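Analysis of the macromolecular model
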Amino acid sequence: MKIMNKRKGTYVAALIAAGALLLTACGGETTATDEPTSTAPAGEFPTSGSGVVNLYNWTDYIDPALLEKFTAETGIEVILDVFDSNETLLAKLQSGATGYDVIMPSDYMVEQMIGLGMLQEVDVASFPNGKYIAPEFMDVYFDSGRKYTAPYMYGTTGIACNTKLEPDCENIKSWKDLFTGNYKNVNALKDQVEIVSAALRATGVPAADLCTTDTAKYIAAEELLAGFKPAVIDNDGGNERMITGQASIRTSWNGDTHRMKMENPDIIFIYPSEGLNFWSDHMAIPVGAPNLDNAKIFMNWMMDPANMAAASNFSGYNNAITGTAELMADELKNDPGVIVPEEFKSLLSPIPNCGEEARELYTQVFTTWLDSQ
Ligand code: N2P
């Protein structure tokens, strides 16, 4: 199997140069429902309808009030189900789950899903609000020309640390410091791409080589991780534990860290010196979606700058829709964990988009680590 290593430096560079803000186990089954009826004349893009849209999203990633606003404006009810990682999302769909109309994979998972024939090509760029997609997010490697996906949030993954509870926060400058520091009350993300890529970086693998198939590199990462014993490894619930002080350090997405900081100002976001992953999440329609029109209406509605800005203000992340910056909360725009300071910009590289062979190595290292806890 040939390794597809498609990290695109220009994708991150364009965002940064443009001064852009840098920017859980599955719930119950959804049920597909009423046949939606669009009110638009033939040939026009519908902006309202009836029935439901079944949204499968990351946990705590969209404001329930925004979903209510969508229903009030379009007549379509949203049924929300949540997942905790790209791998959970993929496994759920591959296990035969149907009934979802809109899903939210990250960039590298979009490419995998398109390759597997799992997404519907609906020419998102041609939607009325497709014009708001930021130019640097239009010809992305995973969906050039936006045939399948509409952008949602983007962000990065580093370390959240509570300076009051952990006096050593200022000395945690790298992934290696975290993994070897034997810190107490540490939590970690349950995300194999994030954890294993951080361990590879910490053992000296450069960003350009994070999809290596050299097993020796993975053995070194595994050995490093063997000493890293977080008290909790999960993707949901970590914000609350950091806010309340139950946890004092966490590997963390920057937007979630922003939300922690709003509640607990002792928390800081650390940019690890070996580098960190830049990722973006996207709305897509799975093949077989029962409410196709409603899915398109939802994606189009979300690309309205006012709605996307509201999504950013809730989630703590920046987004790839133009015209949202002026509608975003000042505390978000002024957060150095969200707007990447100049000195840290070169540390960001796209989250690794590895081929099957490297993905299997990631899975092996990750499960070995989980099993050893
Ligand atoms: C959910 C944020 C998830 C974003 N709290 C990770 N891509």
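Summarised in this report is the structure supplied together with it. (Residues numbered from 1 in each chain as written. Predicted model: local features only at pLDDT ≥ 70, side-chain atom pairs only at ≥ 80, totals over all residues. Heavy atoms only, no water.)

1. A word on the sheet that holds strand E2 (residues 77-83)
Spatially, the three strands line up as an open sheet ordered E2-E1-E3, and their pairing is parallel. Here the strands that pair on one side only, and so sit at the sheet edges, are E2 and strand E3 (102-103). For strand E1 (residues 52-58) and E2, the ladder comprises seven bridges, and the chain directions are parallel. Bridge pairing in E2 places Trp58 opposite Phe83. Of the strands in this sheet, E1 and E3 are in contact with helix H10 (residues 292-302), which crosses E1 at around 55°. (Pairing = 2+ DSSP bridges. Helix = DSSP H or I, 4+ residues; strand = E, 2+ residues; numbered from the N terminus. Contact = heavy atoms within 4.5 Å. Axes fitted to C-alpha atoms, helices over the stretch in contact; angles between N-to-C directions.)

2. A few points about the pattern of salt bridges
Pairs can form between side chains of opposite charge whenever their charged atoms are close. Applying the stated criterion to the full structure yields seven salt bridges. Taking the shortest distance from any N to any O, the salt bridge between Lys69 and Glu73 comes out at 3.8 Å. You can see Lys69 and its partner Glu73 sitting in helix H2 (residues 64-74), four residues apart, about one turn around the helix. Note that Lys217 is salt-bridged to Asp214, the shortest N-O span being 3.1 Å. With relative accessibility at 32%, the residue Asp214 sits in the partly exposed group. Within the structure, one salt-bridge network assembled from shared partners comprises Asp234, Arg241 and Arg250. (Salt bridge = Lys/Arg side-chain N within 4 Å of Asp/Glu carboxyl O. Buried < 20%, exposed > 50% of the residue type's maximum accessible area, 1.4 Å probe, protein only.)

3. Remarks on the site of the ligand
For the ligand, the full set of nearby residues is Trp58, Thr59, Tyr61, Ser106, Trp253, Asp256, Trp279, Asp281 and Tyr317. Contact between the ligand and Thr59: a nitrogen atom at 3.4 Å from a main-chain N or O atom of the residue. Side-chain polar atom of Asp281 to a nitrogen atom of the ligand: 2.9 Å apart, as the coordinates give it. Burial of the ligand by the surrounding chains reaches 96%, relative to a free accessible area of 270 Å². In terms of residue class, the shell around the ligand is made up of five nonpolar, two polar and two charged. (Near = heavy atom within 4 Å. Polar contact = N/O pair within 3.5 Å; in protein donor to acceptor, adjacent residues only side chain to side chain. Areas by Shrake-Rupley, 256 points an atom, 1.4 Å probe, with all protein chains shown as cover. Nonpolar A, V, L, I, M, F, W, Y, C, P; charged D, E, K, R; others polar.)

4. Observations regarding the state of the cysteines
This structure, assessed with the given rule, holds two disulfides. Disulfide pairing places Cys161 opposite Cys169 at an S-S distance of 2.1 Å. Measuring handedness by torsion sign, the sulfur bridge of Cys161 and Cys169 sits at about -90° and is left-handed. Take Cys161 and Cys169: they sit in the same class, and that class is buried. Across the disulfide, Cys211 is cross-linked to Cys354 (sulfur-sulfur distance 2.1 Å). Judged by the sign of its S-S torsion, about -85°, the bond between Cys211 and Cys354 is left-handed. Note that Cys211 is positioned in the loop between helix H6 (192-202) and helix H7 (215-226) and Cys354 in the loop between strand E13 (348-350) and helix H13 (356-371), a separation of 143 residues in sequence. Accessibility expressed as a relative area gives 5% for Cys354, which makes it buried. (Disulfide = S-S within 2.5 Å.)

5. Here's the deal with the packing of H6 against H7
Helix-helix packing is characterised by the crossing angle of the two axes and by the distance between the axes. With their axes 9 Å apart at the nearest point, H6 and H7 run at an angle of 100° to one another. In terms of orientation, H6 and H7 fall into the roughly perpendicular class. Between H6 and H7, the residues in contact are Ile195, Val196, Ala199, Leu200 and Ala202 and Lys217, Tyr218, Ala221, Leu224 and Leu225, respectively. Of the residues contributing to the contact of H6 with H7, the split by class is nine nonpolar, no polar and one charged. (Parallel < 35°, antiparallel > 145°, perpendicular 65-115°, else oblique.)

6. A few points about the packing of aromatic side chains
For any two aromatic rings, the description comes down to two numbers: the centre-to-centre distance and the angle of the planes. Scanning the entire structure with this criterion turns up 21 aromatic pairs. Pairing Tyr154 with Phe278 gives two aromatic rings, centres 5.6 Å apart and planes at 50°, and the pair type is tilted. You can see Tyr154 sitting in strand E6 (residues 150-162) and its partner Phe278 sitting in strand E11 (residues 276-283), a full 124 residues away along the chain. Assessed through its relative accessible area of 0%, Phe278 is described here as buried. Connected via pairs of aromatic rings, a cluster forms that spans Tyr56, Trp58, Tyr61, Phe83, Tyr100, Tyr152, Trp253, Trp279 and Tyr317. (Phe/Tyr/Trp six-rings, centres within 6.5 Å; stacked < 30°, edge-to-face > 60°.)

7. Quick word on the side chain of Thr257
With respect to the secondary-structure elements, Thr257 resides in helix H9 (residues 254-263). Judged by its relative accessible area of 0%, Thr257 falls in the buried class. Once you skip the residues sitting within four places of it in the chain, Thr257 turns out to touch Ala160, Ser252, Ile267, Ile268 and Phe269.

8. Comments concerning the side chain of Thr324
Inspection of the secondary structure puts Thr324 in the loop between strand E12 (318-319) and helix H12 (330-333). Here Asn319 takes part through its side chain, which lies 3.2 Å from a polar atom of the side chain of Thr324. Thr324 has contacts with Pro305, Met308, Ala309 and Asn319, leaving out every residue within four places of it along the chain.

Function cannot be read off these values alone, since they describe shape.
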